[in-house]
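What follows is the residue order along each chain.
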Amino acid sequence: MKENVLRIRNLYKSFGDLDVLKGVDLDLNQSENLVVLGKSGTGKSVLIKIISGLITADSGEVNVLGFDMNTITKEDLIFLRLKVGFCFQNSALYDSMTIGENIEFPLKYALKTISRQEIEKRTDRVLEAVGLRQTKNQMPAELSGGQRKRIGIARTIVMNPELILYDEPTAGLDPITCVEINNLILEVKEEYQASSIIITHDLTCAKQTGDRVALLLEGSFQKEGTFSEVFNSHAENKVKQFYDYNFMEQETIKI
Amino acid sequence: MGKNKDVFISKQIDEKIVNFKNGVDFVITFFSELSLKNIIWTELFNQCYQIGLRSLPLITLTGFVTGLVFTQQSRPSLQEFGATSWLPSLVAIAMVRALAPLVTSIIAAGRVGSNIGAELGSMKVTEQIAAMEVSSVNPFNFLVVNRVLAATITIPILSFYTAAVGLTGSFINIYLNEQTNFNAYIINAFDSINFLDLGSALVKAILFGFTIGMVGCYSGYNAEKGTLGVGKAANAGVVKSIFIIFLIEIFVVQVTNSLR
Ligand SMILES: Nc1ncnc2c1ncn2[C@@H]1O[C@H](COP(=O)(O)OP(=O)(O)OP(=O)(O)O)[C@@H](O)[C@H]1O
Ligand SMILES: [Mg+2]
């Protein structure tokens, strides 16, 4: 049975005079990978920050795993966040801690009852899953951008989240690493049965990882469906433009 | 033009008032989060160690030089009255009542306040604080409560250490000039210090430590976006805490004197 993990209706958010989100509607089904595409600065990060409660909406309904984010209590928010993983655009690894400590951090301080053994076991397992076991005692500064992204993902999945929010998991990475990250996202979906929102402006990532694609343009979702549905030949101008620009860039480079 | 300037100034004043209010809220949050179960002992211990370790070399040097030079410079005035035997008590009073807590705190503000400001500031702008928040760990607890407590505990200890080092410097100077022996020096020095002096020094040092921790954390926690924000936070951590330290000094001196 499919049930809604996430339900957003008529969401508005502005910063001062800047209207960022203007009537966003969004649903996410159980075990679904939804890709949110959009130009830089359209409010993709703002959208998932609202979902995780880092930013509050101006108006509109935001329901995450059955919790209404507008009225959620502090205690419920803490409980909810245990089930919602957030992979930051810049990885946001804790600079002062080793990779191992980074991954242990949420286990150690959010799940206070967990045993030392269990922490070790889960840390090693996710490090294995992202293929970076050897980095356990290194500091984040010693890792490459792609490795940091993978550790960011490891730190998220170590909590066994039901919903994972990826903020531009492939941005700034070379194509080969991008494919690796895309595969990792798919593996995570298989293994943890989690539902995900993947934010990106990388169409290859969208095509590979998304069960469904939604296009955020000028403050609301303009188009939604499978990748080919969204970018079919009858697509409206704005949608086509987005597609063309993206691939044109790649074409130009090929020559 | 004049009108624009007025608007600019009133905007700045508004900003100051908002800042002050936010600062007060920050302190209130600290006390509402402060409870035994929120203290992470390993982190608290680690922070105390960091603060102590970071300030120790400079404090040792400054304390020693202050004691030595202060003694040297006071000698001629006392010699005029043939009262060089009062040197130990003069130095002890100056050290314990004023110099030790003040010197320690100003150095610690430079070393620790800027460090906390920069550390939390960079955590803020690289979203590490947000990352803690979304993983159900209260970043205020983890970062602020432990750092402020650590500063509040460590600065008083360092202050008494500074006093001890300063008195040592002073003793060396007196020993070389007046050949006073150590026992006589100590007796003379401590004779002039009473409980009120020690108590007010302790209260001051606690308040100074609290200020350094709080201002550093507040500056870092509210750092603006970008690397510029980190620099500003570090700077604010020092400048604001030294300013508040002087205000507290003046206030506590008044209160102590009224109790004498
Ligand atoms: N805390 C904030 N305060 C003020 N403005 C903000 C804040 N957060 C985001 N904005 C503004 O909202 C707009 C959308 O930002 P957002 O980070 O969501 O973009 P994005 O779609 O994620 O872009 P990118 O692809 O570059 O990451 C931007 O114009 C940004 O300046
Ligand atoms: Mg973004």
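Summarised in this report is the structure supplied together with it. Since this is a predicted model, take the numbers as computed values, not measurements. (Residues numbered from 1 in each chain as written. Chains lettered and ligands numbered in written order. Predicted model: local features only at pLDDT ≥ 70, side-chain atom pairs only at ≥ 80, totals over all residues. Heavy atoms only, no water.)

### So, the side chain of Thr71(B)
So, step 1. Its place among the elements puts Thr71(B) in helix H2 (residues 41-80).
So, step 2. Filtering out sequence-adjacent residues up to four positions away, Thr71(B) remains in contact with Leu87(B), Val91(B), Ser170(B), Asn173(B) and Ile174(B). (Helix = DSSP H or I, 4+ residues; strand = E, 2+ residues; numbered from the N terminus. Contact = heavy atoms within 4.5 Å.)

### A short note on the sheet that holds strand E3 (residues 33-37) of chain A
The strands making up a sheet associate through hydrogen bonds between their backbones, and the pairing can be parallel or antiparallel.
Residue and element names in this part refer to chain A.
So, step 1. Taken together, the 6 strands give an open sheet; going across it, the order is E6-E7-E8-E3-E9-E10, and neighbouring strands pair in mixed fashion. For this open sheet the edge positions go to strand E6 (84-87) and strand E10 (220-225), each flanked by a neighbour on one side alone. Averaged over all neighbouring strand pairs, the angle between strand axes comes to 15 degrees, with direction disregarded.
So, step 2. Helix H5 (residues 145-157) rests against E6 and strand E7 (163-167) of the sheet, and its axis sits at about 170 degrees to E6. (Pairing = 2+ DSSP bridges. Axes fitted to C-alpha atoms, helices over the stretch in contact; angles between N-to-C directions.)

### Observations concerning the coordination of the magnesium ion (ligand 2)
Residues and elements named next belong to chain A.
So, step 1. Those donors, Ser45 (OG) and Gln89 (OE1), are the protein atoms that reach the magnesium ion (ligand 2), and they lie 1.9 to 2.4 Å from it. Here Ser45 is found in helix H1 (residues 44-51), whereas its partner Gln89 is found in the loop between E6 and helix H3 (99-110), with 44 residues between them in sequence.
So, step 2. For Gln89, a relative accessible area of 34% translates into the label partly exposed. (Donors = N, O, S within 2.8 Å, 3.2 Å for Na, K, Ca; no water. Buried < 20%, exposed > 50% of the residue type's maximum accessible area, 1.4 Å probe, protein only.)

### Some words on the packing of helix H3 (residues 87-125) of chain B against helix H5 (residues 139-178) of chain B
Residues and elements named next belong to chain B.
So, step 1. At their nearest, the axes of H3 and H5 sit 7 Å apart, and the two run at 145 degrees to each other. In this structure, H3 meets H5 at a crossing whose hand is right-handed.
So, step 2. Within the contact of H3 with H5, the residues separate by chemical class into 18 nonpolar, 6 polar and 3 charged. (Left-handed = near helix turned anticlockwise from the far one by under 90°. Nonpolar A, V, L, I, M, F, W, Y, C, P; charged D, E, K, R; others polar.)

### Topic: the interface of chain B and chain A
So, step 1. Counting residues at the interface gives 17 residues for chain B and 21 residues for chain A.
So, step 2. Summed over both sides, the interface of chain B with chain A buries roughly 1,600 Å², with 59% coming from carbon and sulfur.
So, step 3. For the chain B face of the interface with chain A, the top three residues by lost area are Glu127(B), Val134(B) and Ser136(B), together amounting to 36%.
So, step 4. Glu33(B) is the partner of Lys74(A) in a salt bridge, and the nearest nitrogen-oxygen pair spans 3.8 Å.
So, step 5. With 6 residues, helix H4 (residues 128-134) of chain B is the single largest residue contributor to the side of chain B that touches chain A.
So, step 6. For the side of chain B that touches chain A, a count of residues per class yields 8 nonpolar, 6 polar and 3 charged. (Buried area = accessible area lost by both parts, 1.4 Å probe. Salt bridge = Lys/Arg side-chain N within 4 Å of Asp/Glu carboxyl O.)

### Let's talk about the packing of aromatic side chains
So, step 1. Tallied over the entire structure, the rule returns 16 aromatic pairs over all chains.
So, step 2. Ring centres of Phe26(B) and Phe140(B) lie 5.1 Å apart, and the angle between their planes is 65 degrees; this geometry places the pair in the edge-to-face category. Highlighted residues: Phe26(B) in helix H1 (residues 2-33) and Phe140(B) in helix H5, separated in sequence by 114 residues. In terms of burial, Phe26(B) and Phe140(B) fall into one category: buried.
So, step 3. Each member of the aromatic cluster is reached from another via a ring pair, and the members are Tyr94(A), Phe105(A), Tyr109(A) and Phe142(B).
So, step 4. Geometry around Tyr94(A) places Arg155(A) over its ring, the cationic atom sitting 4.5 Å from the centre. (Phe/Tyr/Trp six-rings, centres within 6.5 Å; stacked < 30°, edge-to-face > 60°. Lys NZ or Arg CZ within 6 Å of the ring centre and 35° of its normal.)

### Structural notes on unusual backbone geometry
Note: most peptide bonds trans; most residues except glycine with negative phi.
So, step 1. Unusually for a residue other than glycine, Glu218(A) sits at a positive phi of about 50 degrees.
So, step 2. Residue placement: Glu218(A) occurs in the loop between strand E9 (212-217) and E10.
So, step 3. Phi at Glu127(B) takes a positive value of approximately 65 degrees, unusual for a residue other than glycine.
So, step 4. Considering the arrangement of structural elements, one finds Glu127(B) in the loop between H3 and H4.

Treat this as a map of the structure, not an account of what it does.
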